[in-house]
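Per-entry structural report
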4 protein chains.
Amino acid sequence: MKIRIGFEFVYDFVAPTPMVLMLNVHLSRAGDLIKPDLIRTTPLLPLTRYTDGFGNICTRLTAPKGELGIFTAALVSDTGLPDVVAPDARQHEVHELPHETLVYLLGSRYCETERLMNEAWARFGKTPQGWPRVQAICDFVHAHVRFGYQHARATKTAAEVVIERRGVCRDFAHLAITLCRCMNIPARYCTGYLGDIGVPPEPDPMDFSAWFEVYLGGRWYTFDARHNVPRIGRIVMARGRDAADVAISTTFGPNTLKRFVVRTDEVVEEPAQLDLLERKVA
Amino acid sequence: MKIRIGFEFVYDFVAPTPMVLMLNVHLSRAGDLIKPDLIRTTPLLPLTRYTDGFGNICTRLTAPKGELGIFTAALVSDTGLPDVVAPDARQHEVHELPHETLVYLLGSRYCETERLMNEAWARFGKTPQGWPRVQAICDFVHAHVRFGYQHARATKTAAEVVIERRGVCRDFAHLAITLCRCMNIPARYCTGYLGDIGVPPEPDPMDFSAWFEVYLGGRWYTFDARHNVPRIGRIVMARGRDAADVAISTTFGPNTLKRFVVRTDEVVEEPAQLDLLERKVA
Amino acid sequence: MKIRIGFEFVYDFVAPTPMVLMLNVHLSRAGDLIKPDLIRTTPLLPLTRYTDGFGNICTRLTAPKGELGIFTAALVSDTGLPDVVAPDARQHEVHELPHETLVYLLGSRYCETERLMNEAWARFGKTPQGWPRVQAICDFVHAHVRFGYQHARATKTAAEVVIERRGVCRDFAHLAITLCRCMNIPARYCTGYLGDIGVPPEPDPMDFSAWFEVYLGGRWYTFDARHNVPRIGRIVMARGRDAADVAISTTFGPNTLKRFVVRTDEVVEEPAQLDLLERKVA
Amino acid sequence: MKIRIGFEFVYDFVAPTPMVLMLNVHLSRAGDLIKPDLIRTTPLLPLTRYTDGFGNICTRLTAPKGELGIFTAALVSDTGLPDVVAPDARQHEVHELPHETLVYLLGSRYCETERLMNEAWARFGKTPQGWPRVQAICDFVHAHVRFGYQHARATKTAAEVVIERRGVCRDFAHLAITLCRCMNIPARYCTGYLGDIGVPPEPDPMDFSAWFEVYLGGRWYTFDARHNVPRIGRIVMARGRDAADVAISTTFGPNTLKRFVVRTDEVVEEPAQLDLLERKVA
C-alpha cells in the first residue's frame, strides 16, 4: 500500500523566533519513503537537523518576523496490515527487561505514576499479565474518557484525565501509559500520521495522532486507547516518554498559528490505467 | 440504651491563642442528654457559646500560654436502633426541594462538584434514583477507598480521594457527598461520636467519626460510606457542607496536641446489682 | 446620583430545567430602589423567592424547553460617593471578632486558606495590621495578576491564581480574600453592578463585577483588588464566602447561553431639557 | 583535597524485588577516585551495571526476601576549590544553544514550565541576562522556600513549591530549574555527595544532596538554590531533567528502609603521624 502524507502550517511571528520541529517520519520508517519528506519553508530558511536522546529527528530553524509556511508532501510504502495483535505476548519480569526499557517505567511530565499507583493496582492487579492486561487498560481508558477537541489542554496530566473523563488522543495515551508503567509494563508515547484507512471517515479535520507502545515478549507493540481497534497505516514520527518529549513544534516566543492542515491518504491506483500499461507492454 | 461519651484533649501553646470548638452534642440531640456535656478546661477559662449559620454550637475561648486541657463526660439516651434504612425513600426533583436544602447541592472546600460531574454521571447515571442511587454511591466509595490513618491530610479534596484511593472517614464522606450533589441529591457532612456498639471492636484508638446525610423523601437520612452498614449509637455534634464548616477545633496560632482521647461506650446495667438493690428496698 | 441598572439574558434549554438566580439587588440596598428590580421572563414563568443562609435573595424557576429570556431594568439611588477609605480602621484581635464574622476566616471552595498560609505570612507578616495590611494585599494581588476574560475558568482557585498570575475579577477577589483570612482578617465575596462611573469607559462589554469586603474597626469595608481604586456606584447583589455561594445563576441541566447583556449607567439629567419642561409648566 | 565518601542502607523486603540504583560517582568524576566506589551488598548479590540515556551509571539487582544491606566506601580526590563563580558567563540565544542542551529547556515531571511561565517572566524578565539572571533566580528561591525535612513529598512539583514555600533540597532545585527553563536557560538536576566542608556542620544527619547546573557561556555551571553560596567538595552521582530521572534507588515492590547513612568527610592528613612513618621507613 502507498500512503501520501503531508502537512501545511502557517505561523505568524511578531519577532524572529527560534523553533524546533519533530515533523519528519521516524528513522525506523525512513526506509519506506518512496518520495522523501523534505521539510520546506516559505520564505526559504536554513534548517538544521539533529536527533534527540530518543532517536527522533529534530529540525531547528529561526522563524523571521511575519508569516512562515512549513510544509511537506511525501509518499510512504506501507504493509497495509493492521496493528499486530499478539494475545500471547508475555509480560517480562522487571529483572529481565532490557536496560533501555527501564526509563519507560518511570514517571514523566504528564504521567504521574506515583499518583496513580493505587488506581492501577486496584483496577488491573487481578487481570492476566501481559497482553490481556494492556488490553484491559486500553478498554478501561477507551470507555472512561470521552473524546472531544474542546477538552485539549496543554497542562492536562494523566491524573487529571482520570477525574475529568474528557480528552484528546494524547490524553488517552497518557492515561494508558501511566497505568501500564504502574503495572511494571514499559510504555512509550508515539506521534505520527493516522488516516481514515479502512475505517469510516471522521467528521473532524485530520490532525496528527498520538498512540503508545508497550514492551511485551521481547519487542514493542502498538496500542491505541482512543480508537481501541487495530488500525492500518500508522506512520510514526516521534517516540518519547510522553507529549513533553515529542512536541511537533516548540516555539521560543509568541506566535499565531494561522493554518494547520495534515493529510494522510491511501493512493488508490486506478485499474483502467494499469490496463493501459499492460496493453502497451503487450 | 444509655451511652457514655466524652473526650480529653491536652494542647500546648507558645502564646495566648484564640480557639473555636465544635465539641458539644448537636442541639437536635440535646434533649437526650441525661448528664449534660459541659465543656471544662484546665486551667479554668471563661467560655463563650454561640451557634453558627448551620445551627451548630460553637465555643470560643482564649488558650493561655502553656498546657490547656479540654474535656467533657456526658451520658446520652439513645434508641439503640441502627441507622434507618428506607429503600423506598424517593429522590426529589430539584424544583421540589425545600429552599434550605439547595445549599447542599453546591460545591464546597473539599467537595468540588464541577470537577467530578462527569465521573458522577458516568458511574451513577443509570442507577435507580433515590435511595438505591445513594447506596450505589456508598458502595462505590466504600470499595474504592482504603481506610488508613496515615492517609489523613488537611488539604485532601474529593477529587484527590478519587485518584489516591486512600483516606480516613472524612475523605469517604467528602467523596460520597460530592457524588450525591453532582446527581442533584442534597448531601451534608456530619461529625460526632460513633463507638463500637454492636460491632467488633476496632483496633485503632477511638476518634470522632464523620459521616453524611442526604435529603430523600422529605427528610434527612444517615449514610456512612466508610463503614457502609447501619450502625447503632451515632451522637451527632455538628453538620455542615464539609469538614471546613465543622472542624472540632480551630486554633488561631501554633500549638501542639499532646493528648487526644475520645470515649463512647454503652452503659451496661448489671442485673445482679439491680436485684440487690430491689431486695434492699424490699 | 441615580443609576440605571439591568440585564438581559437568553438561554436555550433542551429540556425543562430548574434554575436558581441571585440577580436581585441585595436587601441592604433594597431601600435605594426608585424603580424596583422585578425579574421578568419570556415566556412568563412562576418565580419563587427565598433568602439563603447569607441573606441573599434567591429566585427559583423551572425553565421550559427552548429559549428563555430573563431580564430586569431598575433605577437605584446612590450617594455618588466613592468606596470609603479608612486608613485608621483597626484590625480586631480574633478573640474580639463578632461570632458571625468567624465563618469568613475559614477556607472555602475557591479560597484554600491552609494552602496559602505560608505565602500570606511571608508576604504580609511584617506589614502594619489593619487597613494598611489589607491595602498591601490588594496592591500585591493587583500587581501580581493580569486581567483577561480569556483566563476565566470555573474551577480556578486562589492557589491557582497565585501560580498562573492571570484571571478575571472573581479571581482577584478570591486571592485577596484568601490572603486576608490567612492573616485573621474576616473577608467575604461580593457580586453586583459596577459601571464605568467617574472612570474612563472600559473597552470590554459590561459584566457583573466581583469585589470583597473585610471586617475592620467594627464594620465591613469594600475593597477591590482588580481595580484597586475607590469606585463610585457599586450596587451589591449578593455576598458569600466565595463565588460558590453566590453564582448569579445555577442551572440544573445542560443549556446554552445565547445572550448576556448587563447595563449600569448614571442617569444624567440634562439641564436643557429640565429647563424646557419647566417652561412648559410655566 | 581528599574526601571520603560512602553510604550504608538497610532495606527489608517481603518478597524478592528488583531494584535499580544510581549510587555510583558519575563517570565525569570517576577519574578522581583514589579508592573506587564499589557497591557491595549483604547478602552478596550479582549486580549488573549499565548507563542510562543521560550517561548515569545504573546498577540493577534483585533483592531477596528479608534484609538487604547496600554500602560503599570510597576515596575521591578533589580540587578543594568552591563552585566556580563566573558573573560574565553570558546567556546563549536559543538558536545558538547546542542540540543536546535543548532537552533541558522542556517541561518534565517535577518542572512544569508551562505553568510557571508567567511567574518566571514577571519576576525575572527585567533582570540582566546570563549569570545575574540565574543568580537572581537562586536568590529568589533561597528566600522564598524554607528548608525542612518534614516538608519532603514524593509528588511535590515546582508549582507546588511556589505555593507552599517549604521543601527540601530537591524542591529548591526543581523550582530554580523550572524558572531557568522558562527564561530559556538550559537547566539540569544533579544528585551527589555534599559534606560540611568549609562550612559550619549542619545539625541534621548527612543525606545526599541535590543541586542544579545551567548552561551559560558554552559550558555547564553549578548552582545551589538551597545553600546559595559556593561550596567545596560536591561529588556528583547523577544528572537528569529532574528527580524523576535520577532516583538514588527505584524499587519495584514494597519495602521498608531500616537504615540510611551517608558520609562525606575531608581526609585530614595529620603531619605528626606522617613524620613518624617516615622515620620508621628511615
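So, a few notes on the structure that sits alongside this text. (Residues numbered from 1 in each chain as written. Chains lettered and ligands numbered in written order. Predicted model: local features only at pLDDT ≥ 70, side-chain atom pairs only at ≥ 80, totals over all residues. Heavy atoms only, no water.)

Considering the overall build of chain A
Each helix and strand in chain A was counted, giving five helices and 15 strands. For chain A, the C-alpha radius of gyration of 20 Å lies close to 19 Å, the compact-globule estimate for 282 residues. Taking the principal axes of the C-alpha coordinates as reference, chain A spans close to 60 × 60 × 35 Å. Burial status across chain A gives 55% buried among its 282 residues. Entry remark: accessible area of chain A is about 12,200 Å², with carbon and sulfur atoms responsible for 55%. Seen as two clouds, the 33 positive and the 33 negative side-chain charges of chain A have centres 3 Å apart. (Helix = DSSP H or I, 4+ residues; strand = E, 2+ residues; numbered from the N terminus. Rg over C-alpha atoms; globule rule 2.2 N^0.38 Å. Buried < 20%, exposed > 50% of the residue type's maximum accessible area, 1.4 Å probe, protein only. Areas by Shrake-Rupley, 256 points an atom, 1.4 Å probe, with all protein chains shown as cover. Lys, Arg positive; Asp, Glu negative; His and termini not counted. Charge placed at Lys NZ, Arg CZ, Asp CG, Glu CD.)

Concerning the relation of the copies chain A and chain B
Overlay of chain A on chain B (RMSD 0.0 Å): rotation 180°, translation along the axis 0.1 Å. What the rotation and shift describe, once combined, is the action of a two-fold rotation axis. Of every C-alpha in chain A, the one belonging to Ile-163 of chain A sits nearest the axis of rotation, 3.7 Å from it. When the interface residues of chain A are mapped onto chain B, 100% of them again lie at the interface, so the same face is used by both copies. (Least-squares fit on C-alpha atoms with pLDDT ≥ 70 in both. Contact = heavy atoms within 4.5 Å.)

Re the layout of surface pockets
Its volume calculated, the second largest pocket comes out at about 970 Å³. Lining the second largest pocket are 48 residues, and of these Gly-53, Phe-54 and Val-103 of chain B together with Gly-53 and Phe-54 of chain C sit closest to its centre. For the lining of the second largest pocket, the secondary-structure elements that each account for two or more residues are β5 (48-51) of chain B together with β5 (48-51) of chain C. (1 Å grid on protein atoms, 1.4 Å probe; cavity = no way out; pocket = protein on both sides within 12 Å on 5 of 7 lines; lining within 4 Å. Points joined across faces, edges and corners; volume = space filled by probe spheres on them.)

Re the interface of chain A and chain B
Opposite the 13 residues of chain A that make contact, chain B presents 13 residues. In total, about 1,200 Å² of surface goes out of reach between chain A and chain B, with carbon and sulfur atoms giving 45% of it. For the interface between chain A and chain B, the tally reads two salt bridges. Glu-119 of chain B is paired through a salt bridge with Arg-165 of chain A; the nearest N and O atoms lie 2.7 Å apart. Viewed at the interface, chain B and chain A are joined by six residue pairs in polar contact (both at pLDDT 80 or more). Secondary-structure elements contributing two or more residues to the side of chain A that touches chain B are α1 (113-124) and α3 (158-164) of chain A. A per-element tally of the side of chain A that touches chain B places α1 of chain A first, with six residues. Here the side of chain A that touches chain B is composed, by residue class, of five nonpolar, two polar and six charged. (Buried area = accessible area lost by both parts, 1.4 Å probe. Salt bridge = Lys/Arg side-chain N within 4 Å of Asp/Glu carboxyl O. Polar contact = N/O pair within 3.5 Å; in protein donor to acceptor, adjacent residues only side chain to side chain. Nonpolar A, V, L, I, M, F, W, Y, C, P; charged D, E, K, R; others polar.)

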